[in-house]
Amino acid sequence: MTLTRRATTGLLASVAVSSSLVGCTAKEPLRVWAMGVEGEALGPFAREFERSHPGVTIRVQVLPWSAAHEKLLTAFAADNLPDIIALGNTWVSEFAALNALEPLNDRLKGSAIRFDHFFDGARNSVTLGDRILGVPWYVDTRLLFYRTDLLHQAGFDVPAVTWDRWDAQLAALSRDGRHGLLMPINEYEPLVALCLQSDASLLLDDDTRGGFRQAGIRDAFAYAASLYERGYAARLMHSEVTDYYSAFARGEYAFIITGPWNLGEFSRRLPAALQDKWATAPLPGPNGPGASSAGGVSMCVTRASRDKDLAFSFVEYMCNTQQQAEFYKATGDLPPDRDAWPMAQLMEDERTHAFFDQLTMARPVPKVPEWERIANEMTGALERVIRGQVGLDTALERLDAFAWNVLAKRRTLLARQRSFQKSGAA
Amino acid sequence: MSYDLRRSLLLGLKHLSPGHVFVAPALLILFVFFLAPVAGAFVMSFTDFDIYALADLKNLSFIGFDNYISLLGSPLFWKAFGNTAYFALVGTPLSIAVSLGLAMALNTPGVGLKPVFRTVLFGPYVATLVAAAIIWRYMVDFQYGWVNRGLGVVGVPPIDWLGDPHWSMPAIILFAVWKNFGYNMLILLAALQKIPDELYESARVDGAGPWSRFLHVTLPGVSPVLWMVALLTVAGYFQLFAEPYVMTQGGPAQSTFSLLYYMYQDGFKYWNLGHASATAFILFAILIGISFIRNRSQETFA
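Keep in mind it's a predicted model, so treat the numbers as computed, not measured.

Q: Describe the overall build of chain B, naming the residues involved and giving the relevant values.
A: Along the backbone of chain B there are 14 helices and zero strands. Counted from the first residue to the last, chain B has its helices and strands arranged as α-α-α-α-α-α-α-α-α-α-α-α-α-α. Against the globule reference of 19 Å for 302 residues, chain B gives a C-alpha radius of gyration of 25 Å, more extended than a compact globule. When the backbone C-alpha atoms are referred to their principal axes, chain B occupies close to 80 × 60 × 35 Å.

Q: Describe the interface of chain B and chain A, and please don't skip the residues or the numbers.
A: Contacts between chain B and chain A engage 31 residues on the former and 30 residues on the latter. Each partner contributes to the roughly 2600 Å² buried at the junction of chain B and chain A, and carbon and sulfur atoms together form 51% of this total. When residues of chain B are sorted by the area they lose upon contact with chain A, B:I51, B:Y52 and B:Y270 head the list and together hold 23% of the total. Viewed at the interface, chain A and chain B are joined by three salt bridges. B:D50 is the partner of A:K409 in a salt bridge, and the nearest nitrogen-oxygen pair spans 3.3 Å. There are 13 residue pairs in polar contact (both at pLDDT 80 or more) connecting chain B and chain A. Going through the elements one at a time, α3 (51–55), α7 (129–139) and α13 (259–269) of chain B are the ones with two or more residues in the side of chain B that touches chain A. For the side of chain B that touches chain A, the residue count by class is 15 nonpolar, eight polar and eight charged.

Q: Residues and numbers for helix α18 (residues 392–406) of chain A, please.
A: All names here are of chain A. With 15 residues, α18 should cover 21 Å at 1.5 Å per step; its first-to-last C-alpha distance of 21 Å lies within 8% of that length. When we look at burial in α18, the residues that qualify are L392, A395, L396, L399, D400, F402, A403 and V406. One side of α18 holds all its buried residues, which, seen down the axis, span an arc of 160 degrees.

Q: Can you tell me about the layout of surface pockets, naming the residues and giving the values?
A: Roughly 930 Å³ of volume is contained in the second largest pocket. As for the second largest pocket, its lining consists of 27 residues, and the residues nearest its centre are A:A97, A:L413, A:L414, A:Q417 and B:Y52. Three or more residues apiece are contributed to the lining of the second largest pocket by two domains, here domain 1 (26–140 + 295–346) and domain 2 (143–292 + 368–412) of chain A.

Q: I'd like to hear about the domain arrangement of chain A, residue by residue, with values.
A: Interface size is commonly expressed as the accessible surface area that is lost when the partners come together. All names here are of chain A. In terms of domains, chain A is made up of domain 1 (26–140 + 295–346) and domain 2 (143–292 + 368–412). Distance between the C-alpha centres of domain 1 and domain 2: 29 Å. Facing nine residues of domain 1, the contacting portion of domain 2 comprises six residues. Of the roughly 640 Å² buried between domain 1 and domain 2 on both sides combined, carbon and sulfur atoms contribute 62%. On the domain 1 side of the contact with domain 2, T90, S93 and D140 bury the most area, a combined 44% of that side's loss.

Q: Help me get a handle on the sheet that holds strand β11 (residues 255–258) of chain A, residues and values and all.
A: Residue and element names in this part refer to chain A. On the basis of which strands lie adjacent, the open sheet formed by four strands has the order β8-β11-β7-β12 and mixed pairing. The sheet is open, and its two borders are formed by β8 (181–182) and β12 (278–281), each paired with just one other strand. One ladder, built from two bridges, connects β8 with β11; its direction is parallel. Bridge pairing links L181 to F255 in β11. Together, β7 (143–147), β8 and β11 form the strand contacts of helix α8 (residues 163–173), whose direction differs from that of β11 by roughly 125 degrees.

Q: Outline the side chain of B:N148, supporting the account with residue identities and numerical values.
A: Residue and element names in this part refer to chain B. Position of N148 relative to the elements: it lies in helix α8 (residues 146–153). At 3.0 Å, the side chain of N148 forms a polar contact with the backbone oxygen of F142. Within polar-contact distance, the side chain of N148 engages the backbone oxygen of I159 at 2.8 Å. In this structure N148 touches D141, F142, P158, I159 and W161, once residues within four positions along its chain are discounted.

Q: Go over helix α2 (residues 36–52) of chain A, please, and point to the residues and values.
A: Counting along an α-helix, one turn takes 3.6 residues, and residues three or four places apart therefore face a common direction. Residue and element names in this part refer to chain A. Taking 1.5 Å per residue as the helical rise, α2 with its 17 residues ought to reach 24 Å, and the 26 Å between its terminal C-alpha atoms agrees with that figure. Taking the largest bend as the criterion, α2 deviates by roughly 30 degrees, centred on G43, and proline P44 comes between one and four positions later. Among the residues of α2, G36, E38, G39, A41, L42, G43, F45, A46, F49 and E50 are the ones counted as buried.

Q: Before we move on, can you summarise the side chain of A:E94 with the specific residues and values?
A: Relative to the helices and strands, A:E94 is located in helix α4 (residues 89–97). No salt bridge is formed by the buried A:E94. Its closest oppositely charged neighbour is A:R373, at 10 Å. With near-sequence residues (within four places) excluded, A:E94 lies in contact with A:H69, A:L73, A:P369 and B:I51.

Q: So what about the domain arrangement of chain B? Which residues, and what values?
A: Residues and elements named next belong to chain B. Considered domain by domain, chain B is made up of domain 1 (2–44) and domain 2 (71–301). Put simply, the middle of domain 1 and the middle of domain 2, counted by C-alpha atoms, are 38 Å apart. With four residues of domain 1 at the interface, the matching set in domain 2 holds four residues. Here domain 1 packs against domain 2, burying approximately 360 Å² in sum over the two surfaces, 81% of which is carbon and sulfur. The largest per-residue losses of area from domain 1 upon contact with domain 2 belong to A41, F42 and M44, which jointly make up 85% of the total buried on that side. Our count for the domain 1 to domain 2 interface comes out at zero salt bridges.

Q: How would you explain the environment of A:K27 if you had to name every residue and give the values?
A: Residue and element names in this part refer to chain A. Within the secondary structure, K27 is located in the loop between α1 (2–23) and β1 (30–35). Here K27 falls in the partly exposed class, since its relative accessible area comes to 41%. Put simply, K27 and T57 are 30 residues apart on the chain and 7.9 Å apart in space, counted from C-alpha to C-alpha. Setting aside residues up to four positions removed in sequence, K27 forms contacts with G55, T57 and D307.

What counts and what doesn't
Residues numbered from 1 in each chain as written. Chains lettered and ligands numbered in written order. Predicted model: local features only at pLDDT ≥ 70, side-chain atom pairs only at ≥ 80, totals over all residues. Heavy atoms only, no water. Helix = DSSP H or I, 4+ residues; strand = E, 2+ residues; numbered from the N terminus. Rg over C-alpha atoms; globule rule 2.2 N^0.38 Å. Contact = heavy atoms within 4.5 Å. Buried area = accessible area lost by both parts, 1.4 Å probe. Salt bridge = Lys/Arg side-chain N within 4 Å of Asp/Glu carboxyl O. Polar contact = N/O pair within 3.5 Å; in protein donor to acceptor, adjacent residues only side chain to side chain. Nonpolar A, V, L, I, M, F, W, Y, C, P; charged D, E, K, R; others polar. Expected span 1.5 Å × (residues − 1). Buried < 20%, exposed > 50% of the residue type's maximum accessible area, 1.4 Å probe, protein only. Arc of directions from axis to C-beta. 1 Å grid on protein atoms, 1.4 Å probe; cavity = no way out; pocket = protein on both sides within 12 Å on 5 of 7 lines; lining within 4 Å. Points joined across faces, edges and corners; volume = space filled by probe spheres on them. Domains from an automatic or database assignment. Pairing = 2+ DSSP bridges. Axes fitted to C-alpha atoms, helices over the stretch in contact; angles between N-to-C directions. Bend = angle between axes of the 7 residues up to and from the residue. Lys, Arg positive; Asp, Glu negative; His and termini not counted.

This is the structure in structure tokens:
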């Protein structure tokens, strides 16, 4: 039964392959995996690339964000990764640890990609040691989306740039059961962004232990917790926010901390009457405009790719300055190349200009495979503080203990590597 | 030596009956897709298999019982265990009470349109779990959900079903009961129909009221089936996963974080397969334990 089915599939496949061989030269298609709407938008660009490269076929597969991580790891385990992965920046370190990505340093040197014009945060997040493991394709960071009309009604002309001023605005906006800010408790990005605003690093000693008890990080946690405790932010989980856009439209929240993909969504989904009543602003910091996380997606060539030159030429095609501007027009995703911004008229729009300012201040999160796990636990710790289950200092102590456990293997491997290098040098 | 081996092989072949040949394909499939992976997972539960090991097997080491020890010492594991036990031990009696109640209602003589009721009541069981869970998520929404609207009509203040750590598990239990009662109801209905009417009649003649008829005729009549249904339900409920995955992602404050959810997150999200396998085997041990309860109690009750 299984055999027959397999035989039939094989037969069908060989028929399909041989019939496609009649049309073009015998070249395997270049496989590209990309996530979400960007993956869908990639199709037309791939067709255009095929037109200028006769004989090349590109097969784009779109993965849903929610299942992408599992799918990528499973594909690696099954030795079935595609030629190019559009990898979320926080996952680059993980796939680097798997040794699944091809360093692109040499290929970048003579290419049309102007890597040194990219935002520092974006460059930094794909660079591990001296190896560049991907080319930023689009960038994101978290900042404030806010209702200008509500802010005016509350008596403020411009959004705050410091925590103190923001407190005053949030206090004025959080009344009658309303909350000034929407920041779902189990979304770690806003909390991580607040922590990145301090000078302290989240992980210490070559990222082998947590640094959550440092004063700067503690302040960020205390501030985040106080936003919920004072009723400024709604105590909601991500899954409870069932009608994000209409809640913002109804004025239930004046501020939302979110990313660039919502530029397009807000224009599309908010009612026409509200379209001139929302704007964006950099995240307030402890003493002035604060940093935020450098996120985004980068195109990585896998080591498993059988045609790395072709794969890189597609990356080059997608990530050069001109094409980044084009991709912005197609999707609204922000280009990592600073020169693409004026090309796409991004500097004239105040909403995107705020993103430019925020991106210049963006800092990458720790580049270790364990990061996402630790970041998720950060929200767990914060949640326990907000719900009054533990005090802040105990929560942070446990968070350090958690990070210590999670990073145990990394410490062992680094120690082994060092002793190996030492004995190699001697 | 080799002669002996050949002889014993031949002897073995002679004893093969057609039955063996018939079950061989099924056994093969069972071995390849069930026993072998289970054995692999068991071995893996004694290693520190993680993404570093996936990159290079040199990074894999046998760590004995460390996974089990660290699990038993981890508050998160006990939290997940407590939540799962809460779900199973509260959910099962409730689920069976609802199933039995509805089965008895369906079994009442003189109720019309029985096939229609039976089909409608079986509906939730057939519905896709994930789709139903998403709809429930909307129904129990704090502000706009029907459930809170309905409660409001009778004067109960709105409950933050999925946002309050005290209410999230009850909400999930209610959903699971609603989703699963149909199956048990059908089995219990079949058992109820086997109880001879004469027993009820003679009980009535002897002056037994509805409650003592239920206690002395219905319950003993369905008790073997009731136990089977209860234990299957407990075993099923210990494998709680999809409901919190869809409705709460284990939150709020990890109040709906189950053992299987822990295993999934550990294994497939963070790729700590060694650790996750250990969790799986602890769950396995719990389920085996539950099935032992069945054997003994069936003797006493049936």
